[in-house]
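Next come the chains, spelled out residue by residue.
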Amino acid sequence: MFDPNRVTFFDTTLRDGEQAAGVNLNAMEKLQIAKQMAKMRMDVIEGGFPAASPGDFNCVKSIAREVKGLTVAGLARTTEGDIRAAAQALAGAERARIHTFIASSPIHMEYTLKMTPEQVLAETRAAVSLARSLADEVEFSAEDASRSDIDFLIKLFKQAIESGATVLNIPDTVGYALPDEFGKFVKTIIDGVAAPEGVIFSVHAHDDLGLAVANSLAAVRAGVRQVEGTINGMGERGGNAALEEVVMALKTRADLYGLSYGLDTTRLYSVSRLVSRLSGVVVPPNKAVVGANAFAHESGIHQHGVLAKRETYEIMRAEDVGSVPAVMVLGKHSGRHAFRDRLDILGYQLDNDQVSRAFDIFKRLCDEKKDVTDGDIEAIISDQILAVNPEHRFELSTFAVAVGSGLATATVVIHRDGVEVRDAATGNGPIDAAYNAIKRAINFSPTLENFTIRATSPRSDSLGETVVELRYGDVTAQGRGAETDIVKASIQAYINAINRLYTQAAAREIKFEEPVNANLC
Ligand code: KIV
Ligand code: ZN
């Protein structure tokens, strides 16, 4: 039954969030995040933009088939091809939503669409009607709404309702709005459209001025009942509204909002960690709600206050967002059961084969270090189980490095499509030398766009985790590796990124030149 006081949450981490520079999640990683969203009782998840690439299409399709208990949305422009692709990808969903959009601001209509307002109205009518005939529900977004003429927007939304849309989204596409102004703008639209019962308004805010959450909350106060955003605020430019912040504001200030929602906030922390690990986008320690220091009190006065009465300096409880410190450290005596329980607490849902492979890696790790921390386990799962490309054309066989002062030499042996190739090269350090040797061995030289290395826990026996981003032409891919040996972790990350580059290219139907003259063993 329709409840006018319930706010629904629409997560677009896998679509708008993935548009963040340098982020590309593979199908297994997206599915893992989607499953966690369902467990957190997310209302709607936007799995991708099916017409954008075969890879996106397949991701939406597998989420629609495998993730139950929520609505799965697919993005579509107003073209017939986009809408039919979205409908096809969503076919297996428990509840399918086509999310179609067209720009409504003068600047976009003139320069990007090259359409008149009348043409935009006609496109909307045709697109929403077609979408409604192919999916359970239709959401219509007026892109760049916050810079659009309000009377035109009202007309456009009325048209969308007439054609069958039941969710009307008001995006602040370029993060231009200010909260007071935006709240009034949204209220004028809602009043002007006077939608029938069952039709809801939605907000989709970007964070270019750091106001996405504030604007989303202003829109809720003005009457919208769906909030779109991403976990950790991930997204291109300044990102999107951070959903964990919006829901915790509704919870903490229930006195003001008095609205209900279905999200289980105690899963926010683990979902945030999962998204951060799989995307490679680090959460700043002072990030609201899910940052590592979000509940840490450093100053003596604050510590004293919190010990005397927690509410003196804490407005939320760490338990309410699931940010409870790990008490259990696993080691070589830990069994499969304890390992599986820990995976569940950390927010991973793996099949039996994945658990078996992860458990074997865990057991080998126990021989190298006494205690295995949550950070180590997360690195094993995200880097050695989920991030591994399903098609690995390139695999490390063995390597050797020799390091002197300011000069290193590396030799690598790699399987390329099952054939062994090898080469050696120098560099200014062991990782530089190894990367030069790999490029020579496989005769393929992508550009290194990004390289980070960090410890999975603050201990000298921790795993070294490397994240590498490579570019070849306009295809980019990220690879990760986690090992107690940081050179090996760096090599694994590099090879993993190369495998993913090939997969990305295939998904976009781009053909790389096949390497020639590689040094066969
Ligand atoms: O920011 C935006 O306007 C969008 C739309 C597609 C909803 O992402
Ligand atoms: Zn957006």
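Before reading further, recall that the structure is shown in the block above.
Cut-offs and rules
Residues numbered from 1 in each chain as written. Chains lettered and ligands numbered in written order. Predicted model: local features only at pLDDT ≥ 70, side-chain atom pairs only at ≥ 80, totals over all residues. Heavy atoms only, no water. Helix = DSSP H or I, 4+ residues; strand = E, 2+ residues; numbered from the N terminus. Rg over C-alpha atoms; globule rule 2.2 N^0.38 Å. Buried < 20%, exposed > 50% of the residue type's maximum accessible area, 1.4 Å probe, protein only. Lys, Arg positive; Asp, Glu negative; His and termini not counted. Charge placed at Lys NZ, Arg CZ, Asp CG, Glu CD. Pairing = 2+ DSSP bridges. Axes fitted to C-alpha atoms, helices over the stretch in contact; angles between N-to-C directions. Patch = residues over 30% accessible without salt bridge, like charges linked within 9 Å, V, L, I, M, F, W, Y side chains within 5 Å. Areas by Shrake-Rupley, 256 points an atom, 1.4 Å probe, with all protein chains shown as cover. Salt bridge = Lys/Arg side-chain N within 4 Å of Asp/Glu carboxyl O. Contact = heavy atoms within 4.5 Å. Donors = N, O, S within 2.8 Å, 3.2 Å for Na, K, Ca; no water. Phe/Tyr/Trp six-rings, centres within 6.5 Å; stacked < 30°, edge-to-face > 60°. Near = heavy atom within 4 Å. Polar contact = N/O pair within 3.5 Å; in protein donor to acceptor, adjacent residues only side chain to side chain. Nonpolar A, V, L, I, M, F, W, Y, C, P; charged D, E, K, R; others polar. Right-handed = clockwise from strand over helix to strand, strands pointing away. Left-handed = near helix turned anticlockwise from the far one by under 90°. Expected span 1.5 Å × (residues − 1). Arc of directions from axis to C-beta. Parallel < 35°, antiparallel > 145°, perpendicular 65-115°, else oblique.

Draft legend 1. Expanded view of the overall build of the protein chain. Helices and strands together make up the secondary structure of the protein chain, namely 17 helices and 16 strands. On C-alpha atoms alone, the protein chain measures out to a radius of gyration of 25 Å, which is about the 24 Å that the 2.2 N^0.38 rule sets for 521 residues. When its C-alpha atoms are laid out on the principal axes, the protein chain stretches across 70 × 65 × 40 Å. Put simply, the protein chain has 521 residues, and 55% of those count as buried. For the protein chain, the centre of its 55 positive side-chain charges and the centre of its 69 negative side-chain charges are spaced 3 Å apart.

Draft legend 2. Structural context of the sheet that holds strand 12 (residues 408-416). Reading across from one edge, 11-12-13 is the order of the 3 strands in this open sheet, with antiparallel pairing throughout. The sheet terminates laterally at strand 11 (394-403) and strand 13 (419-427), the two strands that pair on one side only. Looking at each pair of strands side by side, their axes are set apart by 15 degrees on average, direction ignored. In this structure, strand 11 lies alongside strand 12, joined through 9 bridges in antiparallel fashion. By the bridge assignment, Ala 400 is partnered in strand 12 with Thr 411.

Draft legend 3. Broad picture of a nonpolar patch on the surface. There is a patch of nonpolar side chains on the surface, built from Leu 448, Phe 451, Ile 453 and Ile 486 and spanning about 310 Å² of accessible area. The leading source of residues in the nonpolar patch is strand 14 (residues 447-455), at 3 residues. Counting through the fold element by element, Ile 486 comes out in helix 17 (residues 486-507).

Draft legend 4. Region of interest: the environment of Ser 270. Summarising the element assignment, Ser 270 is placed in helix 11 (residues 268-279). A relative accessible area of 11% means that Ser 270 is categorised as buried. Linking Ser 270 and Leu 25, residues 245 residues apart in sequence, is a C-alpha distance of 18 Å. Apart from the residues lying within four places of it in its own chain, the contact partners of Ser 270 are Ile 345, Leu 346 and Gly 347.

Draft legend 5. Region of interest: the coordination of the zinc ion (ligand 2). The zinc ion (ligand 2) binds to the protein through Asp 16 (OD), His 204 (NE2) and His 206 (NE2); the donor distances cover 2.0 to 2.2 Å. Expressed as a motif, the donor residue spacing for the zinc ion (ligand 2) is D-x187-H-x1-H. Here His 204 matches His 206 in class, with each residue buried.

Draft legend 6. A look at the packing of aromatic side chains. Evaluated as defined, the whole model comprises 15 aromatic pairs. Summarising the aromatic geometry, the rings of Phe 444 and Phe 512 are spaced 5.6 Å apart at their centres and angled 35 degrees between planes, so their arrangement reads as tilted. With Phe 444 in the loop between helix 16 (430-442) and strand 14 and Phe 512 in the segment after helix 17, the pair connects residues that are 68 residues apart, well separated along the chain. Take Phe 444: its relative accessible area is 3%, and that puts it in the buried class.

Draft legend 7. Summary view of the site of ligand 1. All residues in the neighbourhood of ligand 1 are listed as Arg 15, Asp 16, His 99, Phe 101, Ser 141, Glu 143, Asn 169, Pro 171, Thr 173, His 204 and His 206. Measuring from an oxygen atom of ligand 1, one finds a side-chain N or O atom of Asp 16 at 3.1 Å. Thr 173 is positioned such that a nitrogen or oxygen atom in its side chain is 2.7 Å from an oxygen atom of ligand 1. At the level of secondary structure, the elements contributing two or more residues to the shell around ligand 1 comprise strand 4 (95-103), strand 5 (137-143) and strand 6 (167-172). Broken down by class, the residue content of the shell around ligand 1 amounts to 2 nonpolar, 6 polar and 3 charged.

Draft legend 8. Region of interest: the sheet that holds strand 5. The 8 strands lie next to each other as 1-2-3-4-5-6-7-8, forming a closed barrel whose pairing is parallel. Taken over all neighbouring pairs, the strand axes of this sheet differ in orientation by 25 degrees on average, direction set aside. Relative to strand 5, strand 4 runs parallel, the two being bridged by 7 bridges. Within the sheet, the bridge partner assigned to His 99 lies in strand 5 and is Glu 139.

Draft legend 9. Molecular detail of the pairing of strand 4. With 8 of 9 residues buried, strand 4 is to be regarded as a mostly interior element. One ladder, built from 6 bridges, connects strand 3 (residues 71-76) with strand 4; its direction is parallel. Bridge pairing in strand 4 links Leu 75 to His 99. For the crossover that starts at strand 3, traverses helix 3 (residues 80-89) and ends in the parallel strand 4, the hand is right-handed.

Draft legend 10. Structural detail: the packing of helix 1 (residues 27-39) against helix 2 (residues 54-66). Axis separation between helix 1 and helix 2 bottoms out at 10 Å; the angle between their running directions is 35 degrees. For the pair helix 1 and helix 2, the sense of crossing is right-handed. Residue-level contacts link Ala 27, Lys 30, Leu 31, Ala 34 and Lys 35 of helix 1 to Asp 56, Cys 59, Ser 62, Ile 63 and Glu 66 of helix 2. Tallied by class, the residues present in the contact of helix 1 with helix 2 amount to 5 nonpolar, 1 polar and 4 charged.

Draft legend 11. Representation of helix 2 in the model. Relative to the 18 Å expected for 13 residues at 1.5 Å per residue, helix 2 spans 18 Å between its end C-alpha atoms, a close match to the ideal helical length. Listed in full, the buried residues belonging to helix 2 are Asp 56, Phe 57, Cys 59, Val 60, Ile 63 and Ala 64. An end-on view of helix 2 places all buried positions within 165 degrees of arc, on one side of the element. Contacts made by the buried residues of helix 2 are with helix 1, strand 2 (44-48), strand 3 and helix 3.

Draft legend 12. Fine view of the packing of helix 13 (residues 336-345) against helix 15 (residues 374-386). At a minimum axis separation of 11 Å, helix 13 and helix 15 run at an interaxial angle of 85 degrees. Accordingly, the angle class assigned to the pair helix 13 and helix 15 is roughly perpendicular. Every residue of helix 15 that contacts helix 13 at Phe 339, Arg 342 and Leu 343 is listed here: Asp 374, Ile 377 and Ile 381. Looking at the contact of helix 13 with helix 15 residue by residue, the classes come out as 4 nonpolar, no polar and 2 charged.

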